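Commentary on secondary and tertiary structure
One-letter residues, chain by chain:
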Amino acid sequence: MEKIKPSFERSFKSPQVVPFEKGKLPPQAIDLEEVVLGAMMIDKKGVDAVIDILHSEAFYKESHQYIFQSIVKLFENTEPIDLLTVSSKLKSDGKLEKAGGEYYLVQLTQKVSSSAHIEYHARIILQKYIQRSLIRISTEIIEESYDETKDVFNLLDKAESKLYDVTQGNIKKSTETAQSLVIQAKKKIEEISNKDGLSGIPSGFSELDKLTSGWQPSDLVIIAARPGMGKTALTLSMARNMAVAQNIPIAFFSLEMSSIQLITRLISSETGLSSEKLRTGNLEKFEWEQLNVKVSALENAPLFIDDTPSLSIFDLRAKARRLSSQHDIKLIVIDYLQLMTAGGSNKNGNREQEISTISRNLKALAKELNVPVIALSQLSRAVETRGGSKRPILSDLRESGAIEQDADIVSFIYRPEYYKIDEWDDEERTPSAGQAEFIVAKHRNGGLNNIKLKFISNLGKFENLDNFETPFEYQSKINKDDLKVNPRKRKNQKPLVKDLRIHLSDLSSQYKNLPPFSRLFLVIFYKSE
C-alpha cells in the first residue's frame, strides 16, 4: 500500500498592491496659492483683501512662503507691490533662487488676470493649512499618549490648548517685529483717548479705575484679605458693575459658595433687600414688587457662574477657553485661589509648590486669552497677631511668594470695623464705620494707593465713597469751633457729632431706595447744615 506523504506546502497570499492614487498627501491647494500670489503682484486691491487673512506658514510650497514674506515686508513699508519690487526684495534678502527665480515670478503673474475672488481663494488656502495643523497636532498627541512617563492631565491640557489655537484661527507666532508692535501700540493709544483714559475693563469704582485705567488684558490681579473681610462681596460688586451696568461678559468661578448663594447676594445688592430677608423669604408686598422689577437687569446680564468645588487648574483653563470661544468673556474671577488644585502634575510636591504652579498657570491663562484674571487669596494669621495697625502687607500672602511674583497687581481689603477699630489712623481720626480700604500694594505698570470705599454690610455691597452719599464726610456745626482748636480732642470726648453721623449713616445707606420727596428732604437737610 502506498503511503501518503504529508504535504508541507504552504499557501502564501500574494501581497496586496495599493494603487498610487490611494496614497495620502497632506491637504494642499498649490494651484490656488499660485493664483493668490499672482493676483497680489498685479493688483493692490488683492493685497488689501488677503494680507490680514493669510500668513506665510499657510502656504504649502516653501517657495510661495518666501514670496509672501517679501510681499508682507513691502506692504509694511508702504512700498509698491508688483513683479519688479517683489523680485528686487527677494534678491536683496538672498531668497530669489529659493523662491524659484524671476522666471517663476513671471509665470505666477501670467496665471491670473485680476484679483477677483482672491479672498475666497485665500480662505481655502487657510483651510488646507488648518487641516495640516490638525494632522500634525493629532500625530503629536498620539505619540505622546504612548509615552507612559507623560502625565495624563498635562497631555489633556496640552492637547486642548493646541486645538484651541487652531479653532481661533491663529496658531501662535514665536516673535513679532518692533514695527508691527509699534503700530498696535499706537492704535491702542488712540482707542484709549476715546474712552476717557480707560484702556481696560472698568471696575465701577472711580478712584480705582483712575489708578489702573481699568483691569488690563493679560494681567493677573490678586485681591487678598482675611476671612470675612469682604473679598467675595467686592468681586461681586465689580462683576455687577461690569455685567449689569456695562454688559461686559464675565466668568465667575466660585469654589467656596454655590451659584445660588452668589446670585442671591447679587439680588440683594441690586434690589436693596437685605440678605436675611431674601434668605427667609419674609417680604412685604411692595418688596416682592421691588424684587420682580429690579432683577430683570440681572437676568439679562452676561454673567457666567461656575461653582465646581476643588477645581483643578487644568479644568479651569479648559472651561475658560470654552467660555471665551462661545461667549467672548472679557474678565475671569476665581474665588478663591487656595481652594484650587494643581491636578495630577504635582502629586509629590508640597502645598507651596502647588500654589506656585496654580499662580503661574493663571498668569499663562490671562496671556493666552488676553483677558484680566482676578484671583482672590487668603492671608496668613500674621495680620491678626501683629500689633498696632492691622493693614496687610505683601509678606502676609499665604503659602507662596510666587503669588506676589506672578501677579501684575497685588491688592488687599482692610476694614478697621472688622477689628473693632472705630476710627481711621489719619490725622483727623475720621470714623471708619461702613468703610473699607482697597490697598494696591504692587502695581507692575502703575502707581500704588490706598483707596477708600463704602461698604454696606446688610447688602454685602461695595460702592464709591463720595462726599455726598457718605455720612462721615458731613461736617456738623456742633462743637465745630472747639474741634478746630484741638482736633485730637475728638478722640477723648464723646461729642454729639459722632452720634449724629451714625444716625445719618443708616439713612444715607438707603438713599437710593428712598422716594423722590424723601431724597429732596435729605439734600436740603445736608445743605442747610
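For clarity, every value in this text was computed on a predicted model and none was experimentally measured.

Together, Val152, Phe153 and Leu156 make up an exposed nonpolar region whose accessible area comes to about 290 Å². Structurally, the position occupied by Leu156 is in helix α7 (residues 152-167). Exposure remark for Leu156: the relative accessible area of 55% places this residue in the exposed category.

Our next topic: the sheet that holds strand β6 (residues 409-414). Ordered in space as β3-β2-β4-β5-β1-β6-β7-β8-β9, the nine strands form an open sheet in which the pairing is mixed. Edge strands, defined here as strands with exactly one partner in the open sheet, are β3 (303-306) and β9 (461-464). Mean inter-strand twist for the sheet, computed between neighbouring axes without regard to direction, equals 25 degrees. Two elements, strand β7 (residues 435-443) and strand β8 (residues 449-456), share six bridges in a ladder whose sense is antiparallel. What sits directly across from Ile439, in β8, is Asn450. Here helix α15 (residues 313-327) sits on the sheet in contact with β2 (250-254), β3 and β4 (331-335), set at roughly 155 degrees to β2.

In this section: unusual backbone geometry. One non-glycine residue with positive phi stands out, namely Asp328, at about 55 degrees. With respect to the element layout, Asp328 can be found in the loop between α15 and β4. Judged by relative accessible area, Asp328 falls into the partly exposed class, the value being 42%. Residue Lys420 is not a glycine yet carries a positive backbone phi of 60 degrees. With respect to the element layout, Lys420 can be found in the loop between β6 and β7. Overall, Lys420 belongs to the exposed group, its relative accessible area being 75%.

Here we come to the side chain of His121. In this structure, His121 sits in helix α6 (residues 118-145). When residues no more than four places from it in sequence are discounted, the contact partners of His121 are Leu32, Val35, Val36 and Ala116.

Cut-offs applied
- Residues numbered from 1 in each chain as written.
- Predicted model: local features only at pLDDT ≥ 70, side-chain atom pairs only at ≥ 80, totals over all residues.
- Heavy atoms only, no water.
- Patch = residues over 30% accessible without salt bridge, like charges linked within 9 Å, V, L, I, M, F, W, Y side chains within 5 Å.
- Areas by Shrake-Rupley, 256 points an atom, 1.4 Å probe, with all protein chains shown as cover.
- Salt bridge = Lys/Arg side-chain N within 4 Å of Asp/Glu carboxyl O.
- Helix = DSSP H or I, 4+ residues; strand = E, 2+ residues; numbered from the N terminus.
- Buried < 20%, exposed > 50% of the residue type's maximum accessible area, 1.4 Å probe, protein only.
- Pairing = 2+ DSSP bridges.
- Axes fitted to C-alpha atoms, helices over the stretch in contact; angles between N-to-C directions.
- Contact = heavy atoms within 4.5 Å.

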